[in-house]
Amino acid sequence: MNSLVSRGSLFDDFFKDFAPGFYVRPLHGDGLPAPSQIKIDVKEDDAAYTVQAEVPGVPKEDINVSIDGNVVSLRAEVRQHDEKKDGEKVLRSERYYGAVARSFQLPVDVDAAQAKARYDNGVLTLTLPKKQGNKTQRLAIE
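Residues numbered from 1 in each chain as written. Predicted model: local features only at pLDDT ≥ 70, side-chain atom pairs only at ≥ 80, totals over all residues. Heavy atoms only, no water.

- Per an unreviewed UniProt entry, the recorded name for the protein chain is Hsp20/alpha crystallin family protein, and the organism is Alicycliphilus denitrificans.

Below, the structure is given as structure tokens:
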């Protein structure tokens, strides 16, 4: 039954409202968003594309960006765990491990050697220069 109803579904919201004391949330909050929930903005100028992707709560070391021609792939991994300190008795320990990935295609190939990435306050900003020589040529109709 768990495979039929995913976490964060309409049923979860119903039972959370119906019996709020019975519904227990994980200590670490919600997990990673679904790939379609990673919000991206893509802007273009004559020389490059600028992509901003929201990846909150993920250390920059756990974000992987790959470029293959005009396909850009983003992958983020989260490893959250509680640490036990000296003198503490562990009553409950929760861990979350997960990964999310998203790929998208741009109209023109990207010059991967000149591409740059910056991560600040949960927003990944990619500067993806267009590969020279891929100029779109309009055909004259005879």
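Focus: the pattern of salt bridges
Next, step 1: The tally for this structure, following the rule as stated, stands at two salt bridges.
Next, step 2: K130 is the salt-bridge partner of E44, the closest N and O atoms lying 2.5 Å from each other. Placement of the pair is E44 in strand β1 (residues 40-44) and K130 in the segment after β7 (123-129), with a sequence separation of 86 residues.
Next, step 3: Classification of K130 as buried rests on a relative accessible area of 14%. (Salt bridge = Lys/Arg side-chain N within 4 Å of Asp/Glu carboxyl O. Helix = DSSP H or I, 4+ residues; strand = E, 2+ residues; numbered from the N terminus. Buried < 20%, exposed > 50% of the residue type's maximum accessible area, 1.4 Å probe, protein only.)

Section: the nonpolar core
Next, step 1: Counting residues in hydrophobic clusters, the biggest one holds 19 residues, and the most contacted among them are L106, L126 and L128.
Next, step 2: Of all the secondary structure elements, the ones that give two or more residues to this core are β2 (48-54), β4 (71-81), β5 (95-105) and β7.
Next, step 3: Sort the elements by how many residues they give to this core and β4 lands first, with four residues.
Next, step 4: Those residues in contact with L106 that lie beyond four places of it in its chain are V42, Y49, N70, V72 and L128. (Core = buried A, V, L, I, M, F, W, Y, C linked by side-chain atoms within 4.5 Å. Contact = heavy atoms within 4.5 Å.)

Some remarks on the sheet that holds β1
Next, step 1: The strand order β1-β2-β7-β6 describes an open sheet built from four strands, whose pairing is antiparallel. Here the strands that pair on one side only, and so sit at the sheet edges, are β1 and β6 (116-120). On average, each strand axis in the sheet is tilted by 15° relative to the strand beside it, whichever way the strands run.
Next, step 2: Pairing of β2 with β7, which is carried by seven bridges, proceeds in the antiparallel orientation. Following the sheet pairing, T50 is matched in β7 by T127. (Pairing = 2+ DSSP bridges. Axes fitted to C-alpha atoms, helices over the stretch in contact; angles between N-to-C directions.)

Quick look at the packing of aromatic side chains
Next, step 1: Taken as a whole and assessed by the stated rule, the structure comprises zero aromatic pairs.
Next, step 2: The cationic tip of K130 hangs over the ring face of Y49; the distance from NZ or CZ to the ring centre is 5.1 Å. (Phe/Tyr/Trp six-rings, centres within 6.5 Å; stacked < 30°, edge-to-face > 60°. Lys NZ or Arg CZ within 6 Å of the ring centre and 35° of its normal.)

Points about the pairing of β7
Next, step 1: Within β7, five of the seven residues are buried, which leaves it mostly tucked inside the rest of the structure.
Next, step 2: Alignment of β6 against β7, held across five bridges, turns out to be antiparallel. Considered in β7, the bridge of D120 is made with V123.
Next, step 3: What sits between the antiparallel neighbours β6 and β7 is a turn of two residues, in which N121 has the positive phi angle 50°.

As for the side chain of N70
Next, step 1: One can find N70 in the loop between β3 (63-68) and β4.
Next, step 2: What makes N70 buried here is its relative accessible area of 15%.
Next, step 3: At a separation of 2.8 Å, a polar atom in the side chain of N70 contacts the main-chain carbonyl oxygen of L106.
Next, step 4: Setting aside its immediate chain neighbours within four residues, N70 contacts F104, Q105, L106, P107, V108, D109 and V110. (Polar contact = N/O pair within 3.5 Å; in protein donor to acceptor, adjacent residues only side chain to side chain.)

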